[in-house]
Amino acid sequence: MTNIYLPHLARIITIQDDTYDTKTFGLELVDAEARNTFRFRPGQFLEIAVLGVGEAPFGLASNPNHPEAFFVTIRAVGSVTDALHKLSPGDIVGVRGPFGNGFPFDEIKGKNVLFVAGGIGLPPLRSLIEPMLDARSEFGDVQILYGARSPADLVYKNRLKEWETMQDVRFMMTVDVGDSGWSGNVGVVTTIFPKADIIVDNTVAFVCGPPIMIRFAIMELLRLGFAPANIISTLERYMKCGVGKCGHCAIGHKYVCLDGPVFSYREMMKLPERVV
Amino acid sequence: MNQYVLLKTDLNRWVEMARKKYRVYAPERVQEDIFFAPLLGPPESEFLTGLAVLPYLPPKDLVFPQSEILFSYSREGEKIALTVPDQETEASVLLGIRSCDTVGISWMDKFFRENFNDTYYGRRRDNLITVTIACNRPIKNCFCVCCEGGPFLDPGKNSFDLQLIDMNDRYLVECNSDQGETLINLDPALFSAPPPDMEAMRNRLEEEARSMFLPEPTSYMGTAIRRITADSVPSEVWTELGERCFDDGGCTFVCPCCSCFGVGYLAHGSGGCHYRFWDSCDYSGFTREVSGHNPRGEKGERFKRRFFHKLSYQYVKKDGRIGCVGCGRCITACPGEVGMPTVVETIRRSDTGDSSKE
Ligand SMILES: Cc1cc2nc3c(=O)[nH]c(=O)nc-3n(C[C@H](O)[C@H](O)[C@H](O)COP(=O)(O)OP(=O)(O)OC[C@H]3O[C@@H](n4cnc5c(N)ncnc54)[C@H](O)[C@@H]3O)c2cc1C
Ligand code: SF4
Ligand code: FES
């Protein structure tokens, strides 16, 4: 019988510095059987443990079409994340999951898709953007709007350049505060909405980022005419187990770890607590 | 379901047989209080009568201990080994548990075993046989009747192993599972077939017991459930109740239906462990996020959360019943004297709308 609290051991294969406080960890499950059967959906998350230090949830950031080489992007903010940042390739961590509902994919084929990402909100969205680009012809217009606090806070800089040049993706980015080397847009992500020619009709919008950014982006999308059911975001809650048992992530009768982390704005409005 | 008669004079012999094969837990007086403890001799008979006796803590720690190791790890050079603590637990019998606590265990069964099976809970639960004693006379704080938590278990509705019903010099024994039958078979000679009129007597005793409850909280439970479900309890009510809360978590620890836990991490030298421990939604740290933001930073919000979980129809749909069995322990545990009945009563008083006529 599976033990829901026992992690798989995973080896860190690659570590990439994204920003001064954010790194991307490429991982590989040590057990061959577990490695071969590991699958995930866009928007799901893992519980990653530094043994003896702690465990925390992180959104899978990589393309689910390549489950053998998965990665997570982690910002150092506290005990577990700091400990993770101190590790090197070859080191072992514990991995449980994937958990959570994930983003809709097949359900939205044929529709236009808008991504609004803020800072470290881009990694979880990337797990949806990449498979969508793999199946590009099955979706309508694809637009990505990305904002970060400063040029130094932008993650996946190489990939951003590729998205910028792709013919069938409309990509724009902005920073709250520029620097001497920055000639692009300046202002929070919602300030590029007016010049982005956002298509509202038949479009599903995915919003991910810090809570304040999510709130303003959703308000703006509603104003543009998006229906609450077509605005999809993720909720972050303090989590311990990831499997609906510890009670920490409950909002009303929903558990962010089981029923989320992905919720439409329509679902969020029905929760008994204000969440965005 | 099978029924038997066991003479009270034969009880100790049966328990003695059981102690040879099982670790037997029963209520035991420890200074002022009563706790479930492993029996080293015959059980204290005063706790095995129809007069309700409620140990200070429910027996939930037998299936969900206050703290337990999830796994330990050890490092040897490059190699890391993970070990799960021994999955074998001693086969146990829980004697003298009251119907409310038995229903509490059923609540936990559903919660822990369905939808991601918690094998730590499961392995303990599989090794536990319960012998419930029905309550012919409730005590002051009890209100199980309004929570479908007793005073008798219903063999058609509740899942349980054995139920003893006190009939003066004998027990009517109701057996509702194979596990229960195993205990009968320890010494079948002690158990005789009940005479035909015994069922009628049993039902009369149950009726009498039900009629002894104070009417107060009983009739109001429904109003509280409806208003919490509809989110129509004014926030001042939660704030007012929250002001009487000392954040001590007592009500959650003594509750047979509270199951939240935290996870801790220990490292020493080349090894360590991850363990879990009872946690409480009463604590402000329960939901505090990394950003410092706390969705339930106010006591009133935490109060609302706790009772939404216990009483809302949304949760009833999920869990099959309300998350309260009416044991009344939270009343005893709370220094601010807020227990389930207080909450139900306060919600009722705050009602100014139509439902006040209910
Ligand atoms: C479903 C889900 C998916 C997630 N995905 C990701 C992901 O892909 N990448 C990622 O990096 N994170 C992600 N997170 C967040 C991540 O889980 C937390 O950052 C992590 O739990 C922090 O653990 P820690 O032990 O390092 O911090 P702790 O030691 O528990 O806390 C650090 C302490 O530092 C302070 N602090 C920490 N962060 C901040 C801050 N931002 N501002 C101000 N003070 C702060 C606070 O006082 C906090 O108590 C996700 C969370 C959820 C629920
Ligand atoms: S809420 Fe109070 S009365 Fe109800 S089961 Fe829990 S401790 Fe007992
Ligand atoms: S993280 Fe434990 S219940 Fe969701």
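A few points about the packing of helix 7 (residues 235–243) of chain B against helix 12 (residues 340–349) of chain B
Residues and elements named next belong to chain B.
And then number 1: Contact geometry for helix 7 and helix 12: axes closest at 10 Å, N-to-C directions at 145°. The chirality of how helix 7 crosses helix 12 is right-handed. Only Val-343, Thr-346 and Ile-347 of helix 12 make contact with helix 7, whose side of the interface consists of Val-237, Trp-238, Glu-240 and Leu-241.
And then number 2: Classifying every residue of the contact of helix 7 with helix 12 gives five nonpolar, one polar and one charged.

Things to note about the packing of aromatic side chains
And then number 1: Going through the model one piece at a time under the given rule, you end up with 25 aromatic pairs over all chains.
And then number 2: Ring centres of Phe64(B) and Phe112(B) lie 5.1 Å apart, and the angle between their planes is 50°; on these two criteria the pair is classed as tilted. With Phe64(B) in the loop between strand 3 (33–38) and strand 4 (67–76) and Phe112(B) in helix 2 (residues 99–113), this pair connects stretches of sequence that are 48 residues apart.
And then number 3: Ring geometry for Phe64(B) and Trp278(B): centres 6.2 Å apart, planes at 35°, overall tilted. Residue Phe64(B) is located in the loop between strand 3 and strand 4, and its partner Trp278(B) is located in strand 12 (residues 271–278); the two are separated by 214 residues in the primary sequence. The same class applies to Phe64(B) as to Trp278(B), namely buried.
And then number 4: By the ring-pair criterion, three or more aromatic residues cluster together here, those being Tyr5(A), Phe64(B), Trp107(B), Phe111(B), Phe112(B), Tyr120(B), Tyr121(B), Phe253(B), Phe261(B), Trp278(B) and Tyr283(B).
And then number 5: For Lys245(A), the ring lying beneath its charged end belongs to Phe111(B), and the centroid distance is 5.3 Å.
And then number 6: Cation over ring: Lys318(B) sits above Tyr315(B), and NZ or CZ is 6.0 Å from the ring centre.

Here's the deal with empty space enclosed by the protein
Picture a little ball the size of a water molecule; that probe, rolled over the atoms, points out where space is still empty.
Residue and element names in this part refer to chain B.
And then number 1: Here the structure, examined in full by the defined rule, presents ten cavities of 30 Å³ or more.
And then number 2: Size it by volume and the largest cavity reaches roughly 170 Å³.
And then number 3: For the largest cavity, the lining is made up of 19 residues, of which Cys-258, Ser-259, Cys-260, Cys-281 and His-309 are closest to its centre.
And then number 4: Only helix 8 (250–253) and helix 9 (299–311) provide two or more residues apiece to the lining of the largest cavity.
And then number 5: Within the lining of the largest cavity, the residues separate by chemical class into eight nonpolar, six polar and five charged.

Re the site of ligand 2
And then number 1: Taken together, the residues surrounding ligand 2 are Phe143(B), Cys255(B), Pro256(B), Lys310(B), Cys324(B), Val325(B), Gly326(B), Cys327(B), Gly328(B), Arg329(B), Cys330(B) and Met340(B).
And then number 2: Its residues assigned to classes, the shell around ligand 2 comprises eight nonpolar, two polar and two charged.

As for a positive patch on the surface
And then number 1: A grouping of Lys254(A), Arg266(A), Lys270(A), Lys317(B) and Lys318(B) is seen on the molecular surface, where their side chains present a positively charged patch.
And then number 2: Secondary-structure assignment places Lys254(A) in strand 14 (residues 254–255).

Some remarks on the environment of Leu95(B)
And then number 1: Mapping Leu95(B) onto the fold places it in strand 6 (residues 92–97).
And then number 2: Excluding residues that lie within four positions of it along the chain, Leu95(B) makes contacts with Val15(B), Val24(B), Tyr25(B), Ala26(B), Pro27(B), Phe36(B), Pro43(B), Leu48(B), Val131(B) and Leu164(B).

Things to note about the sheet that holds strand 11 (residues 261–268) of chain B
All names here are of chain B.
And then number 1: Read across the open sheet, the four strands follow the order 5-4-12-11; overall the sheet is antiparallel. Edge strands, defined here as strands with exactly one partner in the open sheet, are strand 5 (79–83) and strand 11. Here the strands of the sheet are splayed against their neighbours by 15° on average, with no regard to which way each runs.
And then number 2: In the sheet, strand 11 pairs with strand 12 via eight bridges, with the strands oriented antiparallel. Its bridge partner being in strand 12, Phe-261 is matched across the sheet by Trp-278.

Concerning the state of the cysteines
All names here are of chain B.
And then number 1: Counting across every chain of the model gives zero disulfides over all chains.
And then number 2: The structure places no disulfide on Cys-251, whose sulfur is separated from the nearest cysteine sulfur, that of Cys-330, by 6.5 Å.
And then number 3: Free cysteine Cys-260: the closest other cysteine sulfur is in Cys-281, separated by 5.8 Å.
And then number 4: A relative accessible area of 15% places Cys-260 in the buried class.

The rules behind each value
Residue positions are given per chain, counted from 1 along the sequence in the order it is written. Each chain gets a letter, beginning with A, and each ligand a number, beginning with 1, in the order they are written. In keeping with the predicted nature of the model, local features appear solely for residues at pLDDT of at least 70, side-chain atom pairs appear and are counted solely at 80 or more, and the whole-chain, interface and lining totals rest on all residues. The side-chain quantities take in all heavy atoms of the structure and omit both hydrogens and water. To obtain an axis, a line is fitted to C-alpha atoms, over the contacting stretch when the element is a helix, and the angle between two such axes runs from 0 to 180 degrees between their N-to-C directions. The helix and strand labels rest on DSSP assignments: H or I over at least four residues marks a helix, E over at least two residues marks a strand, and numbering proceeds from the N terminus. With the far helix as reference, a near helix turned anticlockwise by less than a right angle produces a left-handed crossing, and one turned clockwise produces a right-handed crossing. Any pair of residues with heavy atoms lying within 4.5 Å of one another is described as a contacting pair. Residues are grouped as follows: Ala, Val, Leu, Ile, Met, Phe, Trp, Tyr, Cys and Pro are nonpolar; Asp, Glu, Lys and Arg are charged; every other residue, Gly included, is polar. Each pair of aromatic rings taken from Phe, Tyr and Trp, with Trp reduced to its six-membered ring, is defined by centres within 6.5 Å and is described as stacked if the planes are under 30 degrees apart, edge-to-face if over 60, and tilted in the remaining cases. Burial status follows relative accessibility: with a 1.4 Å probe on protein chains alone, a residue under 20% of its type maximum counts as buried, one over 50% as exposed, and anything between as partly exposed. Each ring is checked for a lysine NZ or an arginine CZ that lies within 6 Å of its centre and within 35 degrees of its normal; such an atom marks a charge sitting over the ring. Detection works on a 1 Å grid of protein atoms alone, calling trapped sets that fit a 1.4 Å probe cavities and calling open sets with protein on both sides within 12 Å along at least five of seven lines pockets, with lining residues defined by an atom within 4 Å of a point. Grid points are joined across faces, edges and corners, and a volume is the space filled by probe spheres set on the points. The criterion for a residue being near a molecule or strand is simple. One of its heavy atoms has to lie within 4 Å of it. Two distance rules govern patches: like charges are joined within 9 Å, and nonpolar side chains (Val, Leu, Ile, Met, Phe, Trp, Tyr) within 5 Å, applied only to residues with over 30% relative accessible area and no salt bridge. Method for areas: the Shrake-Rupley scheme with a 1.4 Å probe, in which residue coverage is limited to the protein chains shown. When a carboxyl oxygen of Asp or Glu is within 4 Å of a side-chain nitrogen of Lys or Arg, the pair counts as a salt bridge. Positive charges come from Lys and Arg, negative ones from Asp and Glu, while His and the chain ends are left out of the count. Charge positions come from single atoms, namely NZ of Lys, CZ of Arg, CG of Asp or CD of Glu. A pair of strands is labelled paired if DSSP reports no fewer than 2 bridges between them. Cysteine sulfurs are considered disulfide-paired once they come within 2.5 Å of each other.

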